[in-house]
Amino acid sequence: MIAPPDRMPLPRTFFDRPVLEVAPDLLGRVLVRTTPDGPIAVRLTEVEAYDGQNDPGSHAYRGRTARNAVMFGEAGHVYVYFTYGMWHCMNLVCGPEGTASAVLLRAGEIVEGAELARKRRPSARNDKELAKGPARLATALEVDRALDGTDACAAGETPMRILTGTPVPAEQVRKGPRTGVAGEGGRGDIHPWRYWVADDPTVSPYRAHVPRSRRS
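What counts as what
- Residues numbered from 1 in each chain as written.
- Predicted model: local features only at pLDDT ≥ 70, side-chain atom pairs only at ≥ 80, totals over all residues.
- Heavy atoms only, no water.
- Buried < 20%, exposed > 50% of the residue type's maximum accessible area, 1.4 Å probe, protein only.
- Helix = DSSP H or I, 4+ residues; strand = E, 2+ residues; numbered from the N terminus.
- Pairing = 2+ DSSP bridges.
- 1 Å grid on protein atoms, 1.4 Å probe; cavity = no way out; pocket = protein on both sides within 12 Å on 5 of 7 lines; lining within 4 Å.
- Points joined across faces, edges and corners; volume = space filled by probe spheres on them.
- Nonpolar A, V, L, I, M, F, W, Y, C, P; charged D, E, K, R; others polar.
- Polar contact = N/O pair within 3.5 Å; in protein donor to acceptor, adjacent residues only side chain to side chain.
- Contact = heavy atoms within 4.5 Å.
- Phe/Tyr/Trp six-rings, centres within 6.5 Å; stacked < 30°, edge-to-face > 60°.
- Lys NZ or Arg CZ within 6 Å of the ring centre and 35° of its normal.
- Salt bridge = Lys/Arg side-chain N within 4 Å of Asp/Glu carboxyl O.

Participant: What's the story with the pairing of strand β3 (residues 78-83) in this structure? I'm lost.
Facilitator: The two faces of a sheet get side chains in turn, since along a regular strand they alternate between them. Within β3, five of the six residues are buried, which leaves the element mostly enclosed by the surrounding structure. Of the pairings in the sheet, the one linking β3 to strand β4 (residues 87-94) comprises six bridges and is antiparallel in character. Residue pairing across strands places Y79 opposite N91, the latter belonging to β4. Counting the residues in the hairpin turn of β3 and β4 gives three residues, including Y84, whose phi is positive at 55°.

As structure tokens, this is what we get:
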């Protein structure tokens, strides 16, 4: 049986492009997370681009570390990081090896496996909130550091797969400053690298960077 066009996996060549091309093109695509309990699929509605060592907002700005090593590898792999001591967030690596560019998956609409996502996100007030924000998205899809380095373009069974879905028309794509990024990297006039689907209720609210206070 031949899969319909919108259910075909995206090839590695899709990701092996400049990150500012890949990021807006991911809107409307479908991420499928395969779990032991069944699949969970999310239609991507909000993303952010990070351009490696050219980008002061990127984890890779100061070079390669054990934490960000996957970003320097082959396009189409999943980069997962742990933040604030409590949340995971997931990215898709883009561009040629060594460039360390990636797209943060910020939000989406659960289109399959909502009952599984609800079990992982019991605090969500409704299904629009299940994956509304990068940590919520990762939690709903049961994503943690164990999936760091997963090849989303591998042949055969894989925990992650990105399907063609229905790309969002250019006139429905909005862009602006990245959420919670400090300094130059958070300036919308320099890095308007957050992209989202206009008027979509699953898109997370913009929040400027707020310095974390230190306990005395």
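Participant: Would you mind showing me how to read the layout of surface pockets here?
Facilitator: Left-over empty space is what a probe sized like a water molecule reveals as it rolls over the atoms. In this model, the largest pocket occupies a volume close to 1,300 Å³. Lining the largest pocket are 37 residues, and of these Y81, T83, Y84, T179 and G180 sit closest to its centre. Listed by contribution, the elements that provide at least two residues to the lining of the largest pocket are β2 (38-51), β3, β4, β5 (101-112) and α4 (134-140). A per-element tally of the lining of the largest pocket places α4 first, with four residues. Class assignment for the residues of the lining of the largest pocket results in 18 nonpolar, eleven polar and eight charged.

Participant: Is there a simple way to explain the side chain of E129 in this structure?
Facilitator: When you line up the elements, E129 lands in the loop between α3 (114-120) and α4. Here R125 takes part through its side chain, which lies 2.5 Å from a polar atom of the side chain of E129. Beyond its immediate stretch of four places on either side in the chain, E129 contacts R121, A124 and R136.

Participant: How should unusual backbone geometry be read in this particular structure?
Facilitator: Across the chain, the bulk of peptide bonds are trans and the bulk of non-glycine residues have phi less than zero. If you check the backbone angles, A100 has positive phi at about 60° while not being a glycine. Summarising the element assignment, A100 is placed in the loop between β4 and β5. With phi around 55°, E142 is a residue other than glycine that occupies positive phi space.

Participant: I tried to follow the packing of aromatic side chains on my own but got confused; where do I start?
Facilitator: Overall, the coordinates contain two aromatic pairs when judged by the stated rule. Here the aromatic rings of F14 and F15 are separated by 5.0 Å at their centres, their planes lie at 75°, and the arrangement is edge-to-face. With 5.7 Å between their ring centres and 40° between their planes, Y79 and Y81 make a pair best called tilted. Residue classification places Y79 among the buried residues on the basis of a relative accessible area of 1%. Its relative accessible area of 12% is what places Y81 among the buried residues. Here R17 stacks its cationic end above the ring of F14, 4.6 Å away from the centre of that ring.

Participant: Sorry, what's going on with the environment of E171 here?
Facilitator: Relative to the helices and strands, E171 is located in the loop between β6 (160-163) and β7 (173-176). Distance in space between the C-alpha atoms of E171 and K119 is 35 Å, their sequence separation being 52 residues.

Participant: How should the side chain of D55 be read in this particular structure?
Facilitator: Mapped onto the fold, D55 is located in the loop between β2 and β3. Judged by its relative accessible area of 0%, D55 falls in the buried class. Ignoring anything within four residues of it in the chain, the contact list for D55 reads A49, Y50, Y61, R178, H191 and W193.

Participant: Which parts of the structure should I look at to understand the pattern of salt bridges?
Facilitator: Note that side chains of opposite charge can pair when their charged atoms are close. Across all of its chains, the model carries 17 salt bridges by this definition. Residue E74 pairs with R12 through a salt bridge whose shortest N-O separation is 3.4 Å. Here E74, found in the loop between β2 and β3, pairs with R12, found in helix α1 (residues 12-15); they are 62 residues apart in sequence, far enough to count as distant. Looking at R12, the relative accessible area reads 23%, which means it is partly exposed. Through salt bridges with shared partners, one network takes in E46, E48, R106 and R194.

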